[in-house]
Amino acid sequence: MTAAESVTVRVHAKVNVQLAVGAARPDGFHDLASVFLAVSLHDEVTATPSDGLTVTCEGRDADKVPLDRTNLAARAAELLAARHGIVPDVHLHIAKDIPVAGGMAGGSADGAGALLACDALWGLDSSREELLEICAELGSDVPFSLIGGAALGTGRGENLTELPVGGGFHWVFAVADGGLSTPVVFGEFDRLTEGVEVPEPAASKVLLDALRTGDTTALAAALANDLQAAALSLRPSLAETLTAGTEAGALAALVSGSGPTTAFLVKDAESAETVAAALIASGTCRTARVATSPAPGATVL
Ligand SMILES: C[C@@](CO)(OP(=O)(O)O)[C@H](O)COP(=O)(O)OP(=O)(O)OC[C@H]1O[C@@H](n2ccc(N)nc2=O)[C@H](O)[C@@H]1O
Ligand SMILES: Nc1ncnc2c1ncn2[C@@H]1O[C@H](COP(=O)(O)OP(=O)(O)O)[C@@H](O)[C@H]1O
């Protein structure tokens, strides 16, 4: 495969339609049963040859995105380059539309996007297995950002089993002011479950069947997030957002992953517009975005 001039990759956000969390492990992580669903909100990462490794970012929350080597896109380029003994002389530009620190794997998405973009730019033609291995090193959510669609993540969330989805679902995401730190939310989960027997995380068969058959009503009844109580404990105002969306007609409402974005499953596109408008008018969130699922994995445009 010949090297390319400049490569742009589109990479999508995710919602966990089920997030079952186990007890804290000795390594500081938690075993999960995480049912990921990619949604249409997305970032685009462009890799261009450059002198040295640089990152720029545009979009509403660009000021909250680090532009140094802690940026997951930069870390992806470094890891890939190191594996091939090359210098990562690449400029990575991120056009950001996924809420930052929102519980939608925005940083993870950019890590997967940059990895695919650099692989194409440098003409490495890495296998999917090699890319997934690097993704798992970058973070627990990054492997799913690469493959998209729907998948069950176990372990830290990095061991993926792709899941069939029998139809499209319509969503509204209420974007909160500021973010929630994922490790802080897991820490709050530990505090809230102290002294309580935390069951082994397991995927819900009812939920997997609802995904497979595309049954929105059944999916609405099965949505579950074990981090929700922790996110609400850290950001109690999210309860008002959940109520506002439900009262506006959402079939179900939950915190997206570690939050603070809240996710609303709705009947159809028309209902999505109604619920989004009601959420914006409610003053309980910064803005509200309509989205559909599933969405593809990282894709070179
Ligand atoms: C909670 C979830 C749900 O999909 O995502 P977000 O809601 O943040 O998007 C994920 O588990 C987040 O994945 P990700 O954000 O990649 O986490 P990592 O970078 O791997 O880990 C960040 C920190 O989160 C905590 N962590 C993460 C994953 C996990 N299974 N157990 C944990 O306890 C640990 O404190 C870890 O040091
Ligand atoms: N490319 C990136 N985009 C967004 N955040 C990033 C990125 N790289 C590193 N980060 C850091 O990761 C943190 C978590 O970001 P993000 O992955 O969007 O959160 P979440 O996992 O809750 O969706 C941010 O607060 C930011 O400091």
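Bear in mind that the values here come from a model prediction, so they are computed numbers and not experimental data.

**Student:** An account of the site of ligand 2 is needed here, citing residue identities and associated values.
**Tutor:** In the vicinity of ligand 2 there are 20 residues, among which Ala101, Gly103, Ala105, Gly107 and Asp110 approach most closely. In the model, a nitrogen atom of ligand 2 is placed 3.0 Å from a nitrogen or oxygen of the Leu72 main chain. Between ligand 2 and the protein, one listed contact pairs an oxygen atom with a backbone N or O atom of Gly103 at 2.9 Å. Protein chains bury 79% of the 540 Å² of accessible surface belonging to ligand 2 in isolation. The greatest single-element share of the shell around ligand 2, amounting to 4 residues, is contributed by helix α2 (residues 106–121). Here the residues of the shell around ligand 2 sort into 9 nonpolar, 9 polar and 2 charged.

**Student:** Explain the UniProt feature "domain: GHMP kinase C-terminal" (unreviewed entry) in the chain to me, using residue names and the numbers behind them.
**Tutor:** In the numbering used here, UniProt assigns the "domain: GHMP kinase C-terminal" (unreviewed entry) feature to residues 208–281. Within the segment residues 208–281, helix and strand shares are 58% and 15% respectively, and the terminal C-alpha atoms sit 34 Å apart.

**Student:** Any details on the domain arrangement of the chain? Residues and values, ideally.
**Tutor:** One can read the domain layout of the chain as domain 1 (7–163) and domain 2 (169–293). Every contact between the two is made by 33 residues of domain 1 and, on the other side, 40 residues of domain 2. For the pair domain 1 and domain 2, the summed buried area comes to about 2,800 Å², and 63% of that belongs to carbon and sulfur atoms. If you sort the residues of domain 1 by the area they bury against domain 2, Val17, Leu19 and Val21 come out on top, with a joint share of 20%.

**Student:** Residue-level account of the site of ligand 1, with values.
**Tutor:** Ligand 1 sits among 21 residues. The nearest are His30, Ser140, Asp141, Thr182 and Ser258. Lys14 has a polar side-chain atom sitting 3.3 Å from an oxygen atom of ligand 1. When ligand 1 sits alone it has 700 Å² of accessible area, and the protein chains cover 83% of it. Broken down by secondary-structure element, the contributors of at least two residues to the shell around ligand 1 are β1 (7–24), β2 (30–49) and α5 (182–192). Residues that form the shell around ligand 1 fall into these classes: 8 nonpolar, 10 polar and 3 charged. A domain split of the shell around ligand 1 shows at least three residues from each of domain 1 (7–163) and domain 2 (169–293).

**Student:** An account of the packing of helix α9 (residues 238–247) against helix α10 (residues 269–282) is requested, with residue identities and associated values reported.
**Tutor:** The geometry of α9 relative to α10 is characterised by a closest axis approach of 9 Å and an angle of 140° between their N-to-C directions. Between α9 and α10, the angle is such that the two are oblique. Between α9 and α10 lies a crossing whose hand is right-handed. In this structure, α9 uses Thr241, Ala244 and Gly245 to contact α10, whose residues at the interface are Val275, Leu279 and Ser282. Split into classes, the residues belonging to the contact of α9 with α10 amount to 3 nonpolar, 3 polar and no charged.

**Student:** A description of unusual backbone geometry should follow, citing residues and the corresponding values.
**Tutor:** Residue Gly259 is joined to Pro260 through a cis peptide bond whose omega torsion reads 0°. Mapped onto the fold, Pro260 is located in the loop between β9 (252–255) and β10 (262–266). A cis geometry characterises the amide bond from Ser293 onward to Pro294, with omega recorded as -5°. Inspection of the secondary structure puts Pro294 in the loop between β11 (287–293) and β12 (299–300). Within the chain, Asp125 stands out as a residue other than glycine whose phi angle is a positive 55°. Structurally, Asp125 is set in the loop between α2 and α3 (128–138).

Rules used throughout
- Residues numbered from 1 in each chain as written.
- Chains lettered and ligands numbered in written order.
- Predicted model: local features only at pLDDT ≥ 70, side-chain atom pairs only at ≥ 80, totals over all residues.
- Heavy atoms only, no water.
- Near = heavy atom within 4 Å.
- Polar contact = N/O pair within 3.5 Å; in protein donor to acceptor, adjacent residues only side chain to side chain.
- Areas by Shrake-Rupley, 256 points an atom, 1.4 Å probe, with all protein chains shown as cover.
- Helix = DSSP H or I, 4+ residues; strand = E, 2+ residues; numbered from the N terminus.
- Nonpolar A, V, L, I, M, F, W, Y, C, P; charged D, E, K, R; others polar.
- UniProt positions renumbered as here; feature names shortened; annotations may be inferred.
- Domains from an automatic or database assignment.
- Contact = heavy atoms within 4.5 Å.
- Buried area = accessible area lost by both parts, 1.4 Å probe.
- Axes fitted to C-alpha atoms, helices over the stretch in contact; angles between N-to-C directions.
- Parallel < 35°, antiparallel > 145°, perpendicular 65-115°, else oblique.
- Left-handed = near helix turned anticlockwise from the far one by under 90°.

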